[in-house]
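Residues per chain are reported as follows:
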2 protein chains.
Amino acid sequence: MIVGFDDQEGTSPMRITPLTELTGRSRILQEKLREQQVDAAILVQNSDLFYFTGSIQRGIYYLPAEGEPVYFVFRDQGRARMESGLCHVVPLDRLGGLPGEITRFGLPLPQRAGMEFDVLPVNEGQRFRKLMPASEFVDITPQVRIVRAVKSSYELEIMKDCALLADRVYEEAKNLLVVGKTDHEVMAELFSFALKEGHQGLIRMRRFNAEMFFGHIFSGVDGAVPAHLDAPLGGLGTTPAVGQGAGHKKIAAHEPIIVDFIVAYDGYLVDQTRTLAIGPLPDKLQQAYADMVAIQKLMFDLARPGVSWSELYRQCYLRACEMGYEKHFMGAGSSQVRFIGHGIGIEVDEYPFIAEGFDDQVLLPGMTFAFEPKAVFPGLGAVGVENTWRVDEEGIKRLTYSNENLWQLPLS
Amino acid sequence: MIVGFDDQEGTSPMRITPLTELTGRSRILQEKLREQQVDAAILVQNSDLFYFTGSIQRGIYYLPAEGEPVYFVFRDQGRARMESGLCHVVPLDRLGGLPGEITRFGLPLPQRAGMEFDVLPVNEGQRFRKLMPASEFVDITPQVRIVRAVKSSYELEIMKDCALLADRVYEEAKNLLVVGKTDHEVMAELFSFALKEGHQGLIRMRRFNAEMFFGHIFSGVDGAVPAHLDAPLGGLGTTPAVGQGAGHKKIAAHEPIIVDFIVAYDGYLVDQTRTLAIGPLPDKLQQAYADMVAIQKLMFDLARPGVSWSELYRQCYLRACEMGYEKHFMGAGSSQVRFIGHGIGIEVDEYPFIAEGFDDQVLLPGMTFAFEPKAVFPGLGAVGVENTWRVDEEGIKRLTYSNENLWQLPLS
């Protein structure tokens, strides 16, 4: 499961991305660059750096449309050299030195340079424009994201490790839920457990302003509180300064408890939600949970390579409406969100989006996504199920695998 | 300490930013806008939204250079109305509706509009340009940051609450440090403790790509491992996918243990570092710790309103060099950073920067900053001290106050 150093002497076992992985990823992006007549990709965002170089440093991944990539690194150059399998890791003292270094490397300056306009700040973009005034800068966000969306078997193996950890977290949650304890307290205990089991702590989201703190735990009414986050459940949080997540509500019997946990391990994520209760739930909520599982089953039957992201969304959304959840599916009333699933990998909001507006995008083998049908009832709470899936040649397979029963803890 | 709802019924006590605070903040930014001939500020980033509206939603804080601010909100409109003290909180269904809503509010569209170019992604900026093609868009990052740098007494009170929590965290750290436990395990336990004591979880940094996970705990050699983070200490972390922070190193006796903890509470942060050891440290490290405290004392003697950020940096840096730490101060060798302190408030990297390059910027009463003289010895580890300070009319005062002794825990 782990490659790298040995733990006997107290040093850290670390999984280093193999060169064959990095090479494959660069080659696929190069195809996309050539399709768009882009001469070079200049990528700077942490998640993209990790994906294409294996090492997050303050630096620039420079990929010409033909030839070898170069990782120009400001800081830390030694770590970049140790962690990145790329052949060309080049120290750079200041951004102004970049054109000279590209030229010194025998590469022409790009006429059309592609960058990540979805995450690159305006000021950073202007620095690159000034640096290469003869270059045209274009957005290659969709190209980068579609390359990253299709996982290799190496990446899927890491995500399987994440799913193992997600199951342990969920089993531990059953031990921690007690009447009278607050959602926030359970979250603190569960997160500590997850960290000790190997969770990396940081969870990355790509979208501007998106913030995520290792998922959500909500009991009862708090599961139905909407927030700024583009998610079916938001939560009150402990302060308007965060404005989402677990709050100080005390857990009671006979109310749904949502454990929506993102496991992050060796750079990759899986997302899993289960619904629990202490003592039996009202029939309406038990039925709603069964119905959400049925919508997941519908998705499972429909999903296969070639199906458009939006078609999958529409079929499941329509089924939810037929079942009577038009006002409760994926949020309540005006707080409903218009998606049921999201790609997941290094970031929690990757391609594909199981949502309207993507009729021209289809599932591809190797894509991984979380699917999270949830029903929200203001004043009562939320129920739902979420798993992370991978697309293979015939259909989809589960990565997360925890028991999907509506889990009822004893009243004691 | 807390205003807001009562906890008796299990509802959450929440500190809501008073309208008088919000009004004062908007007025000061309006002065800055008029100085720059900017007709309106259009702010969208979470930290800025929290500061100027009191509520983080998906929305736009619109501040004309004269008149009242308007908070246009996509999601969640109900929460914005509940959490924000602003008079004008206006629902907005889509960005395209913004110009019409501004006009409907009786306001002219701005000829010069100011935005946060340091954080606004290129694609988001382009959406605003298309929306208001007749407007010129300019960067008002420095104006926003200088307004936010000067804290009100309301903000300072929250930061005092953070400092109380920081002291409890530090006291707990003394209980958790045991020979044979890993840095990562201590971090997981300490963070769980902090969350239960009220830590909000999320820690915000403004700089592009900057990531922070509630500070760092390093023992021995791991304290001297540099990382991509622009900080004197980086740490190995548990995976190159994070590339910083506590790693799996086991704590041993006679080595320096750095506890660098950021407390986040009700939206505000303080930063505090202490050095501990199990059993006595080598003389060289004990001396280095005493010298770092002496540099802090020099800073304390020099810092007062009117002193330039860079002058403060230079005096302290020169003293460190005179003391023999030229190759060890604020990192070792090529991994040294060129600052000793940083503003702190809602974000951990606010104005002022105690660094070179800011001779034209001076300390102002109400500014708050962390000052963190640290000495780094590859193969041995790091020692240092850090506190959060506020500038008053005569000089500076401490916010964080934990015992500053080099804390020696018993060997067994």
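None of these values were measured; they are calculated from a predicted model.

### Re the pattern of salt bridges
Pairing is possible between side chains that carry opposite charge, provided their charged atoms lie close to one another. Residues and elements named next belong to chain A. The full count for this structure, using the stated rule, is 68 salt bridges over all chains. Between D266 and R15 there is a salt bridge whose closest N-O contact spans 2.8 Å. Here D266 is found in the loop between β8 (257-265) and β9 (268-278), whereas its partner R15 is found in the segment before α1 (19-35), with 251 residues between them in sequence. For the pair formed by D266 and R15, the shared burial category is buried. In this structure, E155 and R25 form a salt bridge, with 3.9 Å as the shortest nitrogen-oxygen distance.

### Some remarks on empty space enclosed by the protein
Enumeration over the complete set of coordinates arrives at nine cavities of 30 Å³ or more. Put simply, the largest cavity is a space of about 930 Å³. Residue lining of the largest cavity: 40 residues in total, with M205, A210 and E211 of chain A together with M205 and A210 of chain B positioned closest to the centre. At the level of secondary structure, the elements contributing two or more residues to the lining of the largest cavity comprise α2 (46-53) of chain A together with α2 (46-53) of chain B. Split into classes, the residues belonging to the lining of the largest cavity amount to 19 nonpolar, ten polar and eleven charged.

### Some words on the sheet that holds strand β15 (residues 387-391) of chain B
All names here are of chain B. If you trace the five strands from one edge of the open sheet to the other, you get β11-β10-β12-β15-β16, paired in antiparallel fashion. The open sheet has two edge strands with one neighbour each: β11 (350-355) and β16 (396-398). Taking the axes of each pair of neighbouring strands and ignoring which way they run, one obtains an average angle of 30° across the sheet. For strand β10 (residues 339-343) and strand β12 (residues 368-371), the ladder comprises three bridges, and the chain directions are antiparallel. Looking at β12, one finds that G343 is bridged to F369. Helix α6 (residues 141-149) contacts β11 and β12 of the sheet and is inclined by roughly 90° relative to β11.

### Points about the sheet that holds strand β10 (residues 339-343) of chain A
Residue and element names in this part refer to chain A. Sheet architecture is open: five strands sit in the order β11-β10-β12-β15-β16, paired in antiparallel fashion. Pairing within the sheet leaves two strands with one partner each, and these edge strands are β11 (350-355) and β16 (396-398). Pairs of neighbouring strands in the sheet enclose a mean axial angle of 30°, with direction left out of account. Bridge count between strand β12 (residues 368-371) and strand β15 (residues 387-391): four bridges; the pairing is antiparallel. Paired with F371 across the bridge in β15 is N387. Against the sheet, helix α6 (residues 141-149) touches β11 and β12, its axis set at about 90° to β11.

### Observations regarding the domain arrangement of chain A
Residues and elements named next belong to chain A. Taken domain by domain, chain A consists of domain 1 (2-148) and domain 2 (150-409). Each of domain 1 and domain 2 was reduced to a C-alpha centroid, and the two centroids are 32 Å apart. Between domain 1 and domain 2, the residue contacts involve 22 residues of the former and 22 residues of the latter. Summing the contributions of domain 1 and of domain 2, the shared interface buries around 1,900 Å²; its carbon and sulfur component is 45%. Our count for the domain 1 to domain 2 interface comes out at 13 residue pairs in polar contact (both at pLDDT 80 or more).

### Comments concerning the interface of chain B and chain A
The interface of chain B with chain A comprises 73 residues on the first partner and 73 residues on the second. Across the interface of chain B and chain A, roughly 6,300 Å² is buried in total on both sides, 55% from carbon and sulfur atoms. At the boundary of chain B with chain A, the tally comes to four salt bridges. A salt bridge links K196 of chain A to E189 of chain B, with the nearest nitrogen and oxygen atoms 2.4 Å apart. Linking chain B with chain A are 42 residue pairs in polar contact (both at pLDDT 80 or more). Among the secondary structure elements, those contributing two or more residues to the side of chain B that touches chain A are α2, α3 (77-83), α5 (122-131) and α8 (183-196) of chain B. The dominant element in the side of chain B that touches chain A, judged by the number of residues it contributes, is α8 of chain B, at nine residues. The residue makeup of the side of chain B that touches chain A, split by class, is 29 nonpolar, 26 polar and 18 charged.

### Focus on the confidence of the model for chain A
All names here are of chain A. A residue-level look at chain A finds 97% of positions with pLDDT of 70 or above and a mean pLDDT of 95. With pLDDT under 50 throughout, residues 1-11 is counted as low confidence; its partners more than four residues away or in other chains account for 19 contacts. With a pTM of 0.96, the predicted complex shows an ipTM of 0.95.

### So, the side chain of R145 of chain A
Residue and element names in this part refer to chain A. Within the element layout of this structure, R145 appears in helix α6. Buried charge R145 goes without a salt bridge, the closest partner of opposite sign being D118 at 4.1 Å. Excluding residues that lie within four positions of it along the chain, R145 makes contacts with D118, R206, D349, E350, Y351 and F353.

The rules behind these values
Residues numbered from 1 in each chain as written. Chains lettered and ligands numbered in written order. Predicted model: local features only at pLDDT ≥ 70, side-chain atom pairs only at ≥ 80, totals over all residues. Heavy atoms only, no water. Salt bridge = Lys/Arg side-chain N within 4 Å of Asp/Glu carboxyl O. Helix = DSSP H or I, 4+ residues; strand = E, 2+ residues; numbered from the N terminus. Buried < 20%, exposed > 50% of the residue type's maximum accessible area, 1.4 Å probe, protein only. 1 Å grid on protein atoms, 1.4 Å probe; cavity = no way out; pocket = protein on both sides within 12 Å on 5 of 7 lines; lining within 4 Å. Points joined across faces, edges and corners; volume = space filled by probe spheres on them. Nonpolar A, V, L, I, M, F, W, Y, C, P; charged D, E, K, R; others polar. Pairing = 2+ DSSP bridges. Axes fitted to C-alpha atoms, helices over the stretch in contact; angles between N-to-C directions. Contact = heavy atoms within 4.5 Å. Domains from an automatic or database assignment. Buried area = accessible area lost by both parts, 1.4 Å probe. Polar contact = N/O pair within 3.5 Å; in protein donor to acceptor, adjacent residues only side chain to side chain. pLDDT = per-residue confidence, 0-100. Lys, Arg positive; Asp, Glu negative; His and termini not counted.

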